[in-house]
Amino acid sequence: MAKRPSTPSELRDAVDRTVQATLGSAERQRDRTQGAIDELAGTVDNLRKGAEASLAKGRRALEDRRPATHDDLRELRSELRKIGRRLDAIEERLPAKQAPAKRSGSTAKRSTAAKRSTARRKS
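Please read all numbers here as calculations on a predicted model, not as lab measurements.

Draft legend 1. Expanded view of the overall build of the protein. A tally of regular secondary structure across the protein gives 3 helices and 0 strands. The order of helices and strands in the protein, counted from the N terminus, is α-α-α. When each of the 123 residues of the protein is scored for burial, the buried share is 1%. Just so you have it, the protein exposes about 11900 Å², and 57% of that area is on carbon and sulfur atoms.

In structure tokens form, the structure reads like this:
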């Protein structure tokens, strides 16, 4: 067993040694604790980012699957009307086509193709 300090100077030295020993272990413990806290914070941050990404993906999936609303359809109709007006304006600016020379089979094919094109524009 260690000798008990008998003078104030020996007592002060003993207390100082004890404090120094305690400070060293406390500093090591603080470093380990800080490392654990940093690791935990990083893990929580990664989990949060993953959860946010999953939520965003789920929202996009739900948004893609929801049925069209009345407003959605109205916007689409409006957009189609605008496109139709633009197409009509472009077609009006195009030079008029000259009537092709009559050929036996090609005239019938052209008129059928023209009918299909006109039908597609009307629908």
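Alright, that's what it looks like, and here's the rest.
Draft legend 2. Molecular detail of a nonpolar patch on the surface. A cluster of nonpolar side chains, Leu-11, Val-15, Val-19 and Leu-23, forms an exposed patch at the surface whose accessible area comes to about 340 Å². Relative to the elements of secondary structure, Leu-23 occurs in helix α1 (residues 8-65). A relative accessible area of 48% means that Leu-23 is categorised as partly exposed.

Draft legend 3. Layout of the pattern of salt bridges. Under the definition given, this model contains 7 salt bridges. Linking Asp-45 and Lys-49 is a salt bridge whose minimum nitrogen-to-oxygen distance equals 3.4 Å. Linking Asp-45 with Lys-49, this pair stays in helix α1, spanning 4 residues, or about one helical turn. Given the relative accessible area of 44%, Lys-49 is considered partly exposed. Residue Glu-52 pairs with Arg-48 through a salt bridge whose shortest N-O separation is 3.0 Å. Of this pair, Glu-52 and Arg-48 both sit in helix α1, 4 residues apart, which is roughly one turn of the helix. Sharing partners across several salt bridges, the network here consists of Asp-45, Arg-48, Lys-49 and Glu-52.

Draft legend 4. Structural view of a positive patch on the surface. Taken together, the side chains of Arg-77, Arg-81, Lys-82 and Arg-85 present a region of like positive charge at the surface. If you trace the backbone, Arg-81 turns up in helix α2 (residues 70-93).

Draft legend 5. Expanded view of the confidence of the model for the protein. Put simply, the protein has an average pLDDT of 81, and 77% of its residues get 70 or more. The secondary structure element of the protein with the lowest average pLDDT is helix α3 (residues 106-122), at 52, and the one with the highest is α2, at 95. Confidence drops under pLDDT 50 across residues 106-110; counting only partners more than four residues distant or on other chains, this segment forms 3 contacts.

Conventions and cut-offs
- Residues numbered from 1 in each chain as written.
- Predicted model: local features only at pLDDT ≥ 70, side-chain atom pairs only at ≥ 80, totals over all residues.
- Heavy atoms only, no water.
- Helix = DSSP H or I, 4+ residues; strand = E, 2+ residues; numbered from the N terminus.
- Buried < 20%, exposed > 50% of the residue type's maximum accessible area, 1.4 Å probe, protein only.
- Areas by Shrake-Rupley, 256 points an atom, 1.4 Å probe, with all protein chains shown as cover.
- Patch = residues over 30% accessible without salt bridge, like charges linked within 9 Å, V, L, I, M, F, W, Y side chains within 5 Å.
- Salt bridge = Lys/Arg side-chain N within 4 Å of Asp/Glu carboxyl O.
- Lys, Arg positive; Asp, Glu negative; His and termini not counted.
- Charge placed at Lys NZ, Arg CZ, Asp CG, Glu CD.
- pLDDT = per-residue confidence, 0-100.
- Contact = heavy atoms within 4.5 Å.

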